[in-house]
Every structure is written in structure tokens, then in C-alpha cells.
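Fold and contact review
Take a look at the letters that make up each chain.
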Amino acid sequence: SLQPKQEIADYSFPLNIAIAILLIPFTLIQVEIEKIKKDESMARVIQKKVIVLTVLCACMLTMLYFILINSSHKEYGNTTTIFLLILIAKIIQSITVILGTKIMIYKQYHKNLYITASVLVFNLISSFLVYPKAGLIGIALTSIFSLLLRYFLLIWANKKYLNIVN
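What comes next concerns the included structure. This one's a predicted model, so the numbers in the text were calculated from it and none came from an experiment. (Residues numbered from 1 in each chain as written. Predicted model: local features only at pLDDT ≥ 70, side-chain atom pairs only at ≥ 80, totals over all residues. Heavy atoms only, no water.)

Brief notes about the packing of helix α2 (residues 23–38) against helix α4 (residues 80–105)
As a reminder of what qualifies: Between the N-to-C directions of two axes lies an angle of 0 to 180 degrees, each axis being a line fitted to C-alpha atoms and, for a helix, fitted only over the stretch in contact. Secondary structure follows DSSP: runs of H or I at least 4 residues long count as helices, runs of E at least 2 residues long count as strands, and numbering of each begins at the N terminus. The crossing is said to be left-handed when, going from far helix to near helix, the turn is anticlockwise and less than a right angle, and right-handed when the turn is clockwise. Residues count as neighbours in contact if any of their non-hydrogen atoms are within 4.5 Å of one another. Asp, Glu, Lys and Arg are counted as charged, while Ala, Val, Leu, Ile, Met, Phe, Trp, Tyr, Cys and Pro are counted as nonpolar; the rest, among them Gly, fall into the polar class.
Interhelical geometry of α2 versus α4 gives an angle of 35° and a closest axis separation of 11 Å. Viewed along their axes, α2 and α4 form a crossing whose handedness is right-handed. Contact residues: Pro 25, Phe 26, Ile 29, Ile 33, Ile 36 and Lys 37 in α2; Ser 94, Val 97, Ile 98, Thr 101 and Ile 105 in α4. Looking at the contact of α2 with α4, its residues break down into eight nonpolar, two polar and one charged.

Points about the environment of Thr 62
Heads up, the condition is: A 3.5 Å cut-off defines polar contacts: any pair of N or O atoms within that distance qualifies, except that in protein one atom must be a possible hydrogen donor and the other a possible acceptor, and neighbouring residues in sequence count only when both atoms are side-chain atoms.
Mapping Thr 62 onto the fold places it in helix α3 (residues 41–69). Along the backbone, Thr 62 and Lys 5 are 57 residues apart, and their C-alpha atoms lie at a distance of 24 Å. If we ignore the near neighbours within four places in the chain, the residues touching Thr 62 are Phe 83 and Leu 87. One polar contact links the side chain of Thr 62 to the main-chain carbonyl oxygen of Ala 58, over a distance of 2.7 Å.

A closer look at the packing of aromatic side chains
Just so we agree on the cut-off: Planes of paired rings set the category: under 30 degrees apart is stacked, over 60 is edge-to-face and the rest tilted, where pairs are Phe, Tyr or Trp rings (Trp by its six-membered ring) whose centres lie within 6.5 Å. For every residue, the accessible area obtained with a 1.4 Å probe (protein chains only) is divided by the maximum for its type, and the residue is called buried under 20%, exposed over 50%, and partly exposed between those limits.
Taken as a whole and judged by the stated rule, the model has six aromatic pairs. Ring geometry for Tyr 65 against Phe 83: centres 4.1 Å apart, planes inclined by 0°, an arrangement best described as stacked. Linking Tyr 65 in helix α3 with Phe 83 in helix α4, this pair joins segments that are 18 residues apart in sequence. The class of Tyr 65 is buried, set by a relative accessible area of 0%. With centroids separated by 5.3 Å and ring planes inclined at 65°, the aromatic side chains of Tyr 151 and Phe 152 adopt a geometry described as edge-to-face. Residue class for Phe 152 comes out exposed when judged on its relative accessible area of 52%.

Remarks on the layout of surface pockets
Condition: A 1.4 Å probe that fits into a set of points on a 1 Å grid over the protein atoms alone but cannot get out defines a cavity; an open set with protein on both sides within 12 Å along at least five of seven lines defines a pocket, and lining residues are those with an atom within 4 Å of a point. Grid points are joined across faces, edges and corners, and a volume is the space filled by probe spheres set on the points.
What the largest pocket holds in volume is close to 340 Å³. If you go around the largest pocket, you meet 17 residues; those closest to its centre are Lys 90, Gln 93, Asn 123, Ser 143 and Leu 147. Elements supplying a minimum of two residues to the lining of the largest pocket: α1 (4–18), α4 and α5 (109–162). A per-element tally of the lining of the largest pocket places α5 first, with eleven residues. Residues of the lining of the largest pocket, tallied by class, amount to nine nonpolar, six polar and two charged.

Here's the deal with unusual backbone geometry
The backbone of Lys 107 shows a phi angle near 55°, a positive value even though the residue is not glycine. On the secondary structure map, Lys 107 appears in the loop between α4 and α5. The exposed category is assigned to Lys 107, whose relative accessible area is 56%.

Description of α4
Note the threshold: To estimate how far a helix should extend, the number of its residues minus one is multiplied by 1.5 Å. A residue's bend is the angle separating two fitted axes: one through the seven residues that end there, the other through the seven that start there.
If you check α4, its first and last C-alpha atoms are 38 Å apart, about what 26 residues at 1.5 Å a residue would give, namely 38 Å. Within α4, the axis deviates most sharply at Thr 96, by approximately 30°. Within α4, 20 of the 26 residues are buried, which leaves it mostly tucked inside the rest of the structure. A positive backbone phi angle near 55° is found at Lys 107, which sits one or two residues after α4.

Quick notes on the environment of Gln 93
Along the chain, Gln 93 falls in helix α4. For Gln 93, a relative accessible area of 19% translates into the label buried. Taking the C-alpha atoms as reference points, Gln 93 and Ser 143, separated by 50 residues in sequence, lie 9.8 Å from one another. The residues contacting Gln 93, other than those within four sequence positions of it, are Leu 22 and Leu 147.

This is the structure:
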């Protein structure tokens, strides 16, 4: 079994690369927020841009990751599976940003907070329970499942309370 410091490094290295993908939805939505507020159909246009740019960014980050683990960071060559799982989780997270933003635009802050906090608690408890058996891979899989849960809950909240899902 890996030492705790090494496990932290083995999770942090791929996470720090994959998390860059979140710059796309946050930047696009921040730049276009006024358009979204004025015209609901703009949310669909922006979501399509987010998806396309997120996929392109995921490809570029994957290439960067492989360059790094085959050159200057060979000690992280064993983190490929973790990287790919975290990247999938971050892709899912990036497509949920617009859903949370729409809830916030309609001043339904408590719904967004409730969903996010509930999923966070679920993720923490699940990670704690799965780690002894599945290690870092289990934590990464739990993150994917938690972010999928958040995605579907945000869709449900948009449909139920706002009737604005695309």
C-alpha cells in the first residue's frame, strides 16, 4: 500500500491538471451572463459552446498529461487511470455549471445550495466508505457518481421549479 503522502500526490497531480477544464464553463458563463438573463435561449447556445470547448480542452489536457508523465514527471506514470476518471468527473462538472447558473439567475439560491451541499455530503461519506476497499480509484469513481447525481438533481430542479431545462 502507498504511503499517505504519496497517495495525496498521486491524486493531486492528475486533479490539478484536470481541474483546468472548469475554466471553460465559468469563463463563458461569466462573460455571457447578461445575455442569459435577457434571453433563455442563450443558455442553450452557451451550453453547446461549453460542451465543444470542454471536449477540446479534455483532449489537450490528456496530451499534456501524457507529455508530463513521459518527461519531467515520470514518477506519476502510475496515475493514468486516476487522471482519466478525474477528467470524466470534471467534464460532467463543467456541463452542470449552466444548470446551477440558471437556478441562481432566478434567485433560487437555497435550491442550488441544498443540491450542492447534499451531494457534497454524499460524496464525502461515499468516499470515506469506499476508500478502504477501492483506494484512490474508488474515490475518483465516487466523484463521477456524485457529479452525475448533482447533474440530474439540477436538471430536476430546473424542470420542477423553473420549467426552463433545454
